[in-house]
Structure formats: C-alpha cells, structure tokens
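# Working through the structure, step by step
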Amino acid sequence: MDASSTKLPIHEHPLFSSARFHSRCQGCGKWGDYYGGYLCNDSECGRIVMFHKECAESPLEINHPSHPEHPLILTETPPRFKCDLCGKYLFVQCFPYFYHCSICDFNVDTSCARKPPLPLHHPDPQEPPFVLIKENQSQERCRVCEQSVCGKYHYGRPSCDEYVHLECVDVAEKVKHLPFHPDHPLEYTTSTYGEDQKSCVLCGVTLEGVLYHCSTCDFSMCLGCVITPPPLTTEALIHVFHVVLRSIEVVLIYQLHGAYSCSICPTYAVHSKCATTIKVWDGINLEGVPEEIEELPFKVVGDDNMKINHFSHEEHNLRLTSENVISDETTLCAACVYPLSDSGPIYSCVECDYFLHEKCANLPMKIRHVSYSGQFVLHARGGQGPEGDLFDCLVCEKTSTGFRYTYDVFNLDVHCSSVSEPFVYEGHLHPLYYEHEASITTCDTCQNTVFYHVLKCDVCEFSVDFSCATLPKA
C-alpha cells in the first residue's frame, strides 16, 4: 500500500486524502463541492470514488439513540434505501452506505447517524424541545443560514417559530474550532447591501445575509466556508501552496485576502477558490507532505556524460551522437515516433536498433497538463506485439505506439503533452489557451469539427485543435 494512502473499513481499496472535490459522496450520496475527504482511483472500481472525511471514517458499528434496542451495522447494500430518521431515499451509482439493523429492518444514513437526536437544547427546561419535521410547504427560514426550510427535513419548534436545517445543526461548534482565525471567536451576524458590506476572506464572495464575523480583526467568513472550509495546503501545477490570510499586492490582480501562496516563490499567490478548482487541482491534500524530488528518466554512465541508461531501455546503454548519423527516414524515435533524420543529436543503443532524440530522452517523468488536473506519469512502450503498444491520445485522438503520459485511463502522446499555457502557435498572432468547457468548434487550420479539446484565442475567434497545434515545424 502506498505510504500516502489509508486503508479504511468503508472501502475495499486504499483511499487517498482529497482536500476538495466536486462529486457525489459514495458514503452519504450527497452531491456538491466539498472540502476534506478521500478518493479511490483503483482500476477495479472503474471510476474515481469519493468520500467525505466523516463518511470514510465511519465506524463499522454504532449505538444510536434513535434505535436503542440494537446496534447498527455499516452496510453498503441494505434491503432498502430509505433513512428511517429523515425519510429520504438515497441512490448513487453503487448505492450509499447505511447503518442498518437486520433484526428490525431499521436504517439510518451516515449523515443522520452523526446528528444528535435533539440538536439544539434550550436553556430553559420549560421551553419545548426541537423535533424532526418532515417535508412540508412551510415558508419559514432556518435560524442558521436564513434559507427556506420548505421541502426539506428540518428540526423545529413551531410554537417558538424556530427552525434549523439538519445540515446546519453543528455550525455553531465548527465556528469555535476554525484554524483560519484562532485568536478570536466569530460571531453570527447579517450583512446588507451598502458601503459596509462584507466579503468572505476565503472565497471572496460578497456577503449579503448570514455571515460569521470578528469585529476586532474585521474578519468575515461565509456560511459555506464555515461548513466546508478549504484545506490549509494544496498543490496546483508545480509547487505546493499554503493558505495565507493576509493582503498580498499582485500585479494585474485585485487585492487578495484568502489565498494560497507558493512556499518556494513567495510573490506568487492564487485565490483560494481559483487554486482549488477541479480544472487545475487533483483534489489531493498535501498538508505536511514535502515536495517531490524530480525523478530523472536516465542514469549517466561513465565520466564523459555521453552514455546513459534510460528507463525505457534498461537492458542496454545508449550513447549520445551529436551528428545526424541516421539518414533513413523510416528509422523512428521510440518516444515521439518521428523520423530521426534532421532532428539534431540522438541517443542510439550500442547493441541494438533503439533510438531516442536527445530531447525525448530528457522528457520529465511526471507532468501536469492543461487538459486534466491529475498528474500524468511517463511510460515507455508496453504490451506484447504491435497491438499491445497502441493507445489513443486523449486530446488529439490519434493512435500512437510511442511513449505516453498516463493518468487513470487517460493517455497523452509526447507531442500533446508538451502543450502548455499560454501556447504560442506560429500560424496566429495572439497566444492561445485551452478551452475547458465542452463545445462544438471548428479548427481554423484543418476545418475539422472539434467537440472537446481545443486551443482558443481570447482576443479573436481563432481556434486550433491539438492535431494541428502539434504538427512538426517545416
């Protein structure tokens, strides 16, 4: 098991820490943006499986006050998928987990199992207790978030005109233990539109309505960041970023408050919301994890730096040849599958017909790519026979037999892997950027229709697909 993974009883495979994800939790079935959790990307699952931290760490057996007669067992496939505490039906791709009593056929979903039966006790014993109110058409508002409770299960004291959503029950406790502002407590207040309107220091959203505020420091947080706060450390592109709560002046960017700064490049900062978007970040929390040491694709053999042992051809050494000794255009580089002729220095095997361009021999072992937030790892040719070497590139959709960068089920050929932003295309005046949103576009170079992966100009209407963008220069 990888040192960075954790084996938890809720799932058959080791789970990796994920500080933020936009998906459905396999434990409770809830969908949305969440900070803190675990993911499984084992190939046997066929997809990336996500869990909230609390759901993943659920104990296998609990004693719950809603069912004192028997213990409840964590079950992935109970006979039915309705929670007997809140009345909700839950369905996800492989069905959520429930705490189940097989004797009484009693179910409690993992979210309700963590909620106290009487969430808000009034200090006056003469006051009526809060009770669970099932779905109704009430127009009342939650006392915590001030959003309507209509159509949702909630706790309430109708005689006192007090109501609270199930998910807002423990917000008051979370405010007491926030790592972003440990010096003073945050107080519940409201904000209205005007000159004194506050903004959340973490996500930057201008607040209108409920917020938590420290008047001493003029520090404000929105309810969303209180319930699901961002991680203290994340990774985007190359370096590890640490969350900072201070003002940083950045050229061409308005003043930052809640942001991630690079521990190596202190003048570089990114809004917390921008650094944790799924477009640039793989969701892995790196708090306390040192930066990776770059792995080289070869070892130098001898003292003259002319001979190497490359990971793709470990059985023999390769020697650097500074002149174009190969004139046959049918002889190809094993990595990029382009001809060796007229391409500068090459590495050639001293014992067999194996060749690499010098630049291909120096390809990094791990990269981040504009098309996906995961980390791609370099692989040489694999499989038995010619069909075992074939793969389709994710972004240009061409079939190749060369080296590939792989993440999960996705492959990139070495040409497309080199595309970064801003991308300079010789056939266009302005820099190009990767279009993350799926749309039907026409490549202005080949006139082919492109559905997903395309590079676009922010200034004009120019677009180019990856096949044309990576064509060899004349």
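Residues numbered from 1 in each chain as written. Predicted model: local features only at pLDDT ≥ 70, side-chain atom pairs only at ≥ 80, totals over all residues. Heavy atoms only, no water.

An unreviewed UniProt entry lists the chain under the name DC1 domain-containing protein, with Brassica cretica given as the organism.

## Re the overall build of the chain
What the chain contains, in helices and strands, is nine helices and 36 strands. Across the 474 residues that make up the chain, the buried fraction comes to 45%. A total accessible area of about 25,900 Å² is found for the chain, and carbon and sulfur atoms account for 52% of it. (Helix = DSSP H or I, 4+ residues; strand = E, 2+ residues; numbered from the N terminus. Buried < 20%, exposed > 50% of the residue type's maximum accessible area, 1.4 Å probe, protein only. Areas by Shrake-Rupley, 256 points an atom, 1.4 Å probe, with all protein chains shown as cover.)

## Digging into the pattern of salt bridges
Scanning the entire structure with this criterion turns up three salt bridges. For K53, the salt bridge goes to E57, with nearest N and O atoms at 2.8 Å. The partner of R157 in a salt bridge is E162, with the nearest N and O atoms 2.1 Å apart. Here R157 falls in the buried class, since its relative accessible area comes to 3%. (Salt bridge = Lys/Arg side-chain N within 4 Å of Asp/Glu carboxyl O.)

## Remarks on a nonpolar patch on the surface
There is a patch of nonpolar side chains on the surface, built from I440, F451 and Y452 and spanning about 380 Å² of accessible area. With respect to the element layout, I440 can be found in the loop between β32 (432-434) and β33 (441-442). (Patch = residues over 30% accessible without salt bridge, like charges linked within 9 Å, V, L, I, M, F, W, Y side chains within 5 Å.)

## Brief notes about the environment of C274
Relative to the elements of secondary structure, C274 occurs in helix α5 (residues 272-275). Expressed as a C-alpha distance, the spacing of C274 and Y260, which sit 14 residues apart in the sequence, is 9.2 Å.

## Focus on the sheet that holds strand β31 (residues 410-413)
If you trace the four strands from one edge of the open sheet to the other, you get β26-β27-β30-β31, paired in antiparallel fashion. Unpaired on one side and paired on the other, β26 (366-369) and β31 mark the two borders of the sheet. The sheet shows a mean angle of 35 degrees between the axes of neighbouring strands, taken without regard to direction. Both strand β30 (residues 404-407) and β31 contribute to a ladder of four bridges, which runs antiparallel. Within β31, the position partnered with T406 by the bridge is N411. (Pairing = 2+ DSSP bridges. Axes fitted to C-alpha atoms, helices over the stretch in contact; angles between N-to-C directions.)

## Regarding unusual backbone geometry
Here the amide bond leading from E421 into P422 is cis, since omega sits at -10 degrees, within 30 degrees of zero. With respect to the helices, strands and loops of the structure, P422 is situated in the loop between α8 (414-417) and β32. With a phi close to 55 degrees, D105 is a non-glycine residue in the positive phi region. Looking at the element boundaries, D105 is found in the loop between β9 (98-101) and β10 (106-109). A positive phi angle is found at E397, which is not glycine, with a value near 65 degrees. With respect to the helices and strands, the residue E397 is situated in the loop between β28 (391-392) and β29 (399-400).

## Observations concerning the nonpolar core
Counting residues in hydrophobic clusters, the biggest one holds 49 residues, and the most contacted among them are L356, F403, L432, L455, V464 and F466. When sequence neighbours within four positions are dropped, the list of residues in contact with F466 reads H369, V370, V395, C396, C416, V419, Y434, H453, V454 and L455. Membership of the second largest hydrophobic core comes to 23 residues, among which are I133, V144, C168 and C222. (Core = buried A, V, L, I, M, F, W, Y, C linked by side-chain atoms within 4.5 Å. Contact = heavy atoms within 4.5 Å.)

## Notes on the confidence of the model for the chain
Summarising the model, the chain shows a mean pLDDT of 75, and 69% of its residues fall at 70 or more. Scored below 50 in pLDDT, residues 251-256 makes 12 contacts in the model with residues more than four places away or belonging to other chains. (pLDDT = per-residue confidence, 0-100.)

## Remarks on the environment of S322
Position of S322 relative to the elements: it lies in the loop between β23 (318-321) and β24 (346-349). Judged by relative accessible area, which is 58%, S322 ranks as exposed. Put simply, S322 and P345 are 23 residues apart on the chain and 4.4 Å apart in space, counted from C-alpha to C-alpha.

## Notes on the sheet that holds strand β12 (residues 154-157)
One open sheet holds the three strands; their spatial order is β11-β12-β13, and the pairing between them is antiparallel. Of all the strands in the sheet, just β11 (131-133) and β13 (162-165) have a single pairing partner and so form its edges. Recorded for the sheet is a direction-independent mean angle of 35 degrees between the axes of neighbouring strands.

## A word on the packing of aromatic side chains
Counted according to the given criterion, the structure contains seven aromatic pairs. Between the aromatic rings of Y372 and Y407, the centroid separation amounts to 5.4 Å while the plane-to-plane angle is 45 degrees, which identifies the pairing as tilted. Placement of Y372 in strand β27 (residues 372-379) and of Y407 in strand β30 is noted, with a sequence separation of 35 residues between them. Looking at Y372, the relative accessible area reads 27%, which means it is partly exposed. The structure contains a cluster of three or more aromatic residues connected by ring pairs, namely Y372, F376, Y407 and F410. (Phe/Tyr/Trp six-rings, centres within 6.5 Å; stacked < 30°, edge-to-face > 60°.)

## Comments concerning the state of the cysteines
The final tally for this structure, using the stated rule, is zero disulfides. For C104, which is in no disulfide, the shortest distance to another cysteine sulfur is to C101 and amounts to 3.9 Å. Residue class for C104 comes out partly exposed when judged on its relative accessible area of 38%. In this model C457 remains outside any disulfide bridge; the closest cysteine sulfur is found in C460, 3.5 Å from its own. Take C457: its relative accessible area is 7%, and that puts it in the buried class. (Disulfide = S-S within 2.5 Å.)

## A word on the environment of V464
Among the secondary structure elements, V464 is positioned in strand β36 (residues 463-465). Measuring from C-alpha to C-alpha, the distance between V464 and L432 comes to 8.7 Å, with 32 residues separating the pair along the chain.

## A short note on the pairing of β12
Residues of β12 alternate between two faces, with H154 and G156 on one and Y155 and R157 on the opposite face, all of them buried. Here β11 pairs with β12 via three bridges, running antiparallel. Looking across to β12, one finds that L132 is bridged to Y155. By the bridge criterion, four bridges tie β12 to β13 in an arrangement that is antiparallel. Across the sheet, the residue bridging to Y155 is V164, located in β13. From the end of β12 to the start of β13, which pair antiparallel, there are four residues, and D161 there has a positive phi angle of about 60 degrees.

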